[in-house]
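Chain and residue survey
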Amino acid sequence: MPFSVWWQAYLTPPASAVKFAIKATLAMALALYIALWCDLDRPYWALISAAFLQIRPMSGMVLEKGISQITGTIVGCLAGIAIMSLFVQSPTPALICLTAWIILCAYAASVTRNNASFGCIMAAVTAMLIVVITASAPTGLFAVAVARLSELALGAICATLVSALLWPIQVRDHLAGLADQVVNQAFLHGALRLDNSAGIAALQATLTASLQPLTQLETDSQAARYEGPEGIGRLRASHVLTVRTARLLAILHALQQLLRSHGAELPTPTRGLIEDMASDLRHGAEGSGVAQARQRLQALRHRALQCMAADSDEGIAPVQYGHSAKGPINSDPAPTLATESAQALLQRRIHLGLREALGHALVILDAREAIHTPGKRRLKAPALAFHRDHLEAALNGLRAGLVFALLATVWRYTAWDNGQIAMLVGTLFSAFFATRDNPAAVAATFLKGMLAAVPSALLFGHVLLTQANDFVTLALVFMPPLFLGLLGAANPRLMGYCLAFTIGNILLTMPGNGMDFSIDGFLGRAIALLLGLSTVVMAFRLAPGLPTSIRKRRLVSATVSDLHGLHRRSLHEAESRFGGTMADRLLRLAQHDDSLPEERRYLFSLGLVGLDLGYACLNLRRRLGGRSDALDLALDDLAAALADDYGASASARGHDPDSAREYGNRLLQTLERQSDDSAEYRLMAGLIERLTMSLERQAARSRQARQAAPAVGVAGRQRAPHRQAAKAPGVDR
């Protein structure tokens, strides 16, 4: 970590960091005062509760997290009471049952999001505390449960009050900033796509810069409902922004494929329209103003509609509809007519794609405006789904259960008084870090922060604090290190170190009415704290979870499964589910791609191809679905064939699609028998052909990436190939 980061955090801190530290310190001081006045058993739990709730100090998020924490605590109390009522005289079966409960809670925390995940973790921690504390004194079971609930609820209430009354920060401002990032980066990505000159690194950078705030926006928008009646409007606008941004990215990816293959064949007016659209999207991304950006995009959409009207006036021949790398789909066309109609079809398809992209861009601007000022525009959208990997969640649960079982075994057979602290830390952080990127590094960062807390707690909590004889003196001695830790925690790069430093000071000091100032007690707590975190670090290093290659395959398999399931849901439900999960997966695939050499990167385009296929299938259903049973069956068969070919093209061998073309022909034959609309026939044929070509390009990219993979020697050491594999023909980078 560069020293300049620490220098900036403590010597030139921003005003927001100082306000955050003051608010969190006051919330903890208020919680401690009330806990001492009420003579609660463990007042430090109220401090920890207030500290965790102030990590993200927006008022709606604090309230939502407080509700999740209290709910999880109640559930954990009930679970702990149930376990002890069944095994009150049998400690070992009680610990086994508690281990199973911790596994279940850690699993639930991995398949939920944000504050709901935190509630699941609190359910595990609370049940663990009740079982462990009452194992030697079962008669105080209900008293312990009430005490834990009171302490955590007190911390939540104090944090909520301070957050709402002192320098309140609203979720709406946070969401507005995220929405601006999403729109600006998505528009910049679109401009690069239409310019058709940027490399894969620039495209991936803008895509990641749009998807990261988009996924955070979708998660954080849930807290907007706690900030008045307008919060629901912001929540719905966030759903619309997510869906429309995903659709815009898919259409832009498809348009770039067409432009790279046939851009030189387009007439001058169409090329001018594309250049102007790229320019206006770039101006919109640079913050030219919402009204001005909307006016420009509306003018462009009007030009695209005029071009489509001109296409209809010219007419389109209904015989031949395109060529692929494997030859024409329909055979025996008249040569002159085939050439003319293929060019007309390409032009019409480009115009249709531009019109759809501009339509989505306008709705995106409306959604951003609705997030800023929901009273002006009211948008409706269903709640979105997100990607869940149940196998990875199960492994996270098993790892958390293993950590607790190891620490519980030590505690059970040594009767170590401070073993409770080790089990608390192990249970809390093994579940808390499991969903983070590189959890072993995060846990190691926390361990360093805890180590720094040991001398601090010894000085302030055991040397100076012995001179305190009232609450004011106690606060003046005990709160400064907490304030310093929170001041650094406002910097995201230092949060791991500084938050651990703050929590370490609290757990090592354990402020209360009957404090233990003995050195041997302090050293026992320090050893327990470090043992618990060291066990977590060891668990993440020895059992890091699914390998990267398996996670990538599971992401692709989940996409294939979603493509297969699109026809089983209504259009609105399918679109909301697919848009949410694919935004999540695109970000994960892009992150995996960042860790690979340039010549082996294909996951970025793989995710976009899957997104394009899904929305293309939904578009086909929207245009053709419900006309007849035969046409619906043909649509379902084509969707299944596209999903299968997508999985085959994404494999390591990169198999070429072999089903989409056949089922595409069947759909077109069915459409030809039931409709005499030649223009619609040709558009559908062009769409199917483009999807098939996209799968062929992706298969070539997968093969290229496999050929570029370094060879492995006999001793297991990697060696680079003598020369880089040539770029496969037709590969769209």
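Residues numbered from 1 in each chain as written. Predicted model: local features only at pLDDT ≥ 70, side-chain atom pairs only at ≥ 80, totals over all residues. Heavy atoms only, no water.

Looking at the overall build of the protein
Quick reminder of the rule: Numbering of helices and strands starts at the N terminus; helices are DSSP runs of H or I of at least 4 residues and strands are runs of E of at least 2. In what follows, a contact means two residues having at least one pair of non-hydrogen atoms within 4.5 Å. Only the protein chains shown count as cover for residues, with accessible areas throughout obtained via the Shrake-Rupley method and a probe of 1.4 Å.
Helices and strands together make up the secondary structure of the protein, namely 25 helices and 2 strands. Looking at the protein alone, contacts between residues at least 24 apart form 80% of all its contacts between residues at least 6 apart. Surface summary for the protein: the accessible area is close to 30200 Å², and the carbon and sulfur share equals 58%.

Quick look at the packing of helix α23 (residues 629-650) against helix α24 (residues 660-674)
Defined as follows: Every axis corresponds to a line fitted to the C-alpha atoms, with the helix fit spanning only the stretch in contact, and the corresponding angles, defined between N-to-C directions, vary from 0 to 180 degrees. Orientation is classified from the angle alone, with under 35 degrees giving roughly parallel, over 145 giving roughly antiparallel, 65 to 115 giving roughly perpendicular, and any other angle giving oblique. A clockwise turn of the near helix away from the far one marks a right-handed crossing, whereas an anticlockwise turn of less than a right angle marks a left-handed crossing. Residues are grouped as follows: Ala, Val, Leu, Ile, Met, Phe, Trp, Tyr, Cys and Pro are nonpolar; Asp, Glu, Lys and Arg are charged; all remaining types, including Gly, are polar.
At a minimum axis distance of 8 Å, the contact between α23 and α24 shows a crossing angle of 165°. The angle between α23 and α24 falls in the class roughly antiparallel. Crossing hand, α23 versus α24: left-handed. Judged by residue contacts, A630, L631, A634, L635, D637, L638, A641, L642 and D645 of α23 engage A660, Y663, G664, L667, T670, L671 and Q674 from α24. Considering only residue class, the contact of α23 with α24 consists of 11 nonpolar, 3 polar and 2 charged.

Re a nonpolar patch on the surface
Just so we agree on the cut-off: Each patch groups residues whose relative accessible area exceeds 30% and which form no salt bridge, using 9 Å between like charges and 5 Å between nonpolar side chains of Val, Leu, Ile, Met, Phe, Trp and Tyr. By definition, a salt bridge exists where a carboxyl oxygen of Asp or Glu is found within 4 Å of a side-chain nitrogen of Lys or Arg.
Taken together, L458, L459, V463, L464, I519 and L523 make up a surface patch of nonpolar side chains, about 480 Å² in accessible area. Taken together, the elements giving at least two residues each to the nonpolar patch come down to α16 (439-464) and α19 (519-542). Counting residues per element, the nonpolar patch draws most heavily on α16, at 4 residues. On the secondary structure map, V463 appears in helix α16.

Examining empty space enclosed by the protein
With a probe scaled to a water molecule rolled over the atoms, the places where space remains empty come into view. Heads up, the rule is: In this analysis, the protein atoms alone were mapped onto a 1 Å grid. Cavities are point sets where a 1.4 Å probe fits without being able to get out; pockets are open sets with protein on both sides within 12 Å along at least five of seven lines; lining residues have an atom within 4 Å of a point. Grid points are joined across faces, edges and corners, and a volume is the space filled by probe spheres set on the points.
Throughout the structure, instances matching the rule amount to 7 cavities of 30 Å³ or more. The volume enclosed by the largest cavity comes to roughly 80 Å³. Lining the largest cavity are L566, H567, C617, L618, L620, R621, L635, D636 and A639. Of all elements in the fold, only α22 (603-624) and α23 reach the threshold of two or more residues within the lining of the largest cavity.

Concerning the packing of aromatic side chains
Here is the rule: Any two of the Phe, Tyr and Trp rings considered here, Trp counted by its six-membered ring, make a pair once their centres fall within 6.5 Å; the pair's planes then place it as stacked at under 30 degrees, edge-to-face at over 60, or tilted in between. Here the term buried applies to any residue with accessible area under 20% of the maximum for its type, exposed to any over 50%, and partly exposed to those in between, with areas from a 1.4 Å probe on protein chains only. Only Lys NZ and Arg CZ are tested; either one counts as a charge over a ring when it is within 6 Å of the ring centre and within 35 degrees of the ring normal.
Across all of its chains, the model carries 10 aromatic pairs by this definition. Judged by centre distance (5.0 Å) and plane angle (70°), the rings of Y33 and F471 are edge-to-face. Note that Y33 is positioned in helix α2 (residues 15-37) and F471 in helix α17 (residues 471-489), a separation of 438 residues in sequence. Taking the relative accessible area as the measure of exposure, Y33 reaches 43% and is therefore partly exposed. On the numbers, 5.9 Å between centres and 70° between planes, the contact of F52 with F432 is edge-to-face. Here the residue F52 occupies a position in helix α3 (residues 44-53), and F432 occupies one in helix α15 (residues 419-432), the gap between them amounting to 380 residues. Aromatic rings pair up to connect F52, F118, F429, F432, F433 and F446 into one cluster. Its end group placed over the ring of F118, K65 keeps NZ or CZ at 4.8 Å from the ring centre.

Quick notes on the side chain of H387
Using the following cut-off: Within 3.5 Å is the distance limit for a polar contact, defined as a pair of N or O atoms, with the added protein rule that one can donate a hydrogen and the other accept it, and that residues adjacent in sequence qualify only through two side-chain atoms.
Relative to the assigned elements, H387 resides in the loop between α13 (335-372) and α14 (390-414). Classification of H387 by relative accessible area gives buried; the value is 5%. A polar side-chain atom of H387 sits 2.9 Å from a polar atom in the side chain of R585. Those residues within four positions of H387 in sequence are excluded, and the remaining contacts are R113, L555, A558, T581, D584, R585 and R588.

Considering the state of the cysteines
Which entries qualify depends on this criterion: Two cysteine sulfur atoms form a disulfide, by the criterion used here, when they sit within 2.5 Å.
Scanning the model with the defined rule gives 0 disulfides in all. The cysteine C120 is free of any disulfide, with C105 supplying the nearest cysteine sulfur at 6.6 Å.

With respect to the pattern of salt bridges
Counting across every chain of the model gives 16 salt bridges. Taking the shortest distance from any N to any O, the salt bridge between R148 and D41 comes out at 4.0 Å. With R148 in helix α7 (residues 141-165) and D41 in the loop between α2 and α3, this pair connects stretches of sequence that are 107 residues apart. Among the residues examined, R148 registers a relative accessible area of 2% and is labelled buried. A relative accessible area of 51% places D41 in the exposed class. One salt bridge in this structure joins R554 and D389, with 2.9 Å as the shortest N-O distance. Here the residue R554 occupies a position in helix α20 (residues 548-565), and D389 occupies one in the loop between α13 and α14, the gap between them amounting to 165 residues. According to the relative accessible area criterion, R554 is partly exposed, its value standing at 30%. Connected through salt bridges with shared partners, the residues D41, R42, R148 and E151 form a single ionic network.

Side note on the packing of α17 against helix α18 (residues 495-509)
With their axes 7 Å apart at the nearest point, α17 and α18 run at an angle of 160° to one another. Classified by the angle their axes make, α17 and α18 are roughly antiparallel. In this structure, α17 meets α18 at a crossing whose hand is left-handed. Here F478, P481, L482, G485, L486, G488 and A489 of α17 come into contact with α18, specifically with M495, C498, L499, F501, T502, N505, I506 and T509. Among the residues forming the contact of α17 with α18, the class breakdown is 10 nonpolar, 5 polar and no charged.

As for the nonpolar core
Stated precisely, the cut-off is as follows: Nine residue types can take part in a nonpolar core, namely buried Ala, Val, Leu, Ile, Met, Phe, Trp, Tyr and Cys, and a core is a set of them joined through side-chain atoms within 4.5 Å.
If you look at the biggest cluster of nonpolar residues, it comprises 109 residues, and the most contacted ones within it are F187, L194, L241, L297, I350, L611 and Y646. Judged by nonpolar contacts, the second largest core, of 108 residues, contains I55, C105, L407 and A434.

Here's the deal with unusual backbone geometry
Unusually for a residue other than glycine, A415 sits at a positive phi of about 55°. Looking at the element boundaries, A415 is found in the loop between α14 and α15. Non-glycine residue M510 carries a positive phi angle of around 50°. Relative to the elements of secondary structure, M510 occurs in the loop between α18 and α19.

Observations regarding the environment of S85
Following the sequence through the fold, S85 ends up in helix α4 (residues 59-86). A relative accessible area of 52% means that S85 is categorised as exposed. In this structure, the C-alpha to C-alpha distance between S85 and P138, residues 53 residues apart in sequence, is 9.0 Å.

Structural notes on the confidence of the model for the protein
Formally: Confidence of the predictor in every single residue is expressed as pLDDT, which spans 0 to 100.
When the pLDDT values of the protein are averaged, the result is 81; 88% of them are 70 or greater. Below a pLDDT of 50 lies the segment residues 315-340, which in the model reaches 48 contacts outside its immediate sequence neighbourhood of four places, other chains included. Note on residues 711-733: pLDDT is under 50 here. Beyond four places in sequence and across chains, it has 35 contacts.

Brief notes about the environment of A24
With respect to the element layout, A24 can be found in helix α2. With relative accessibility at 0%, the residue A24 sits in the buried group. Residues A24 and I55, spaced 31 residues apart in sequence, show a C-alpha to C-alpha distance of 8.4 Å. Setting aside its immediate chain neighbours within four residues, A24 contacts Q54 and L486.

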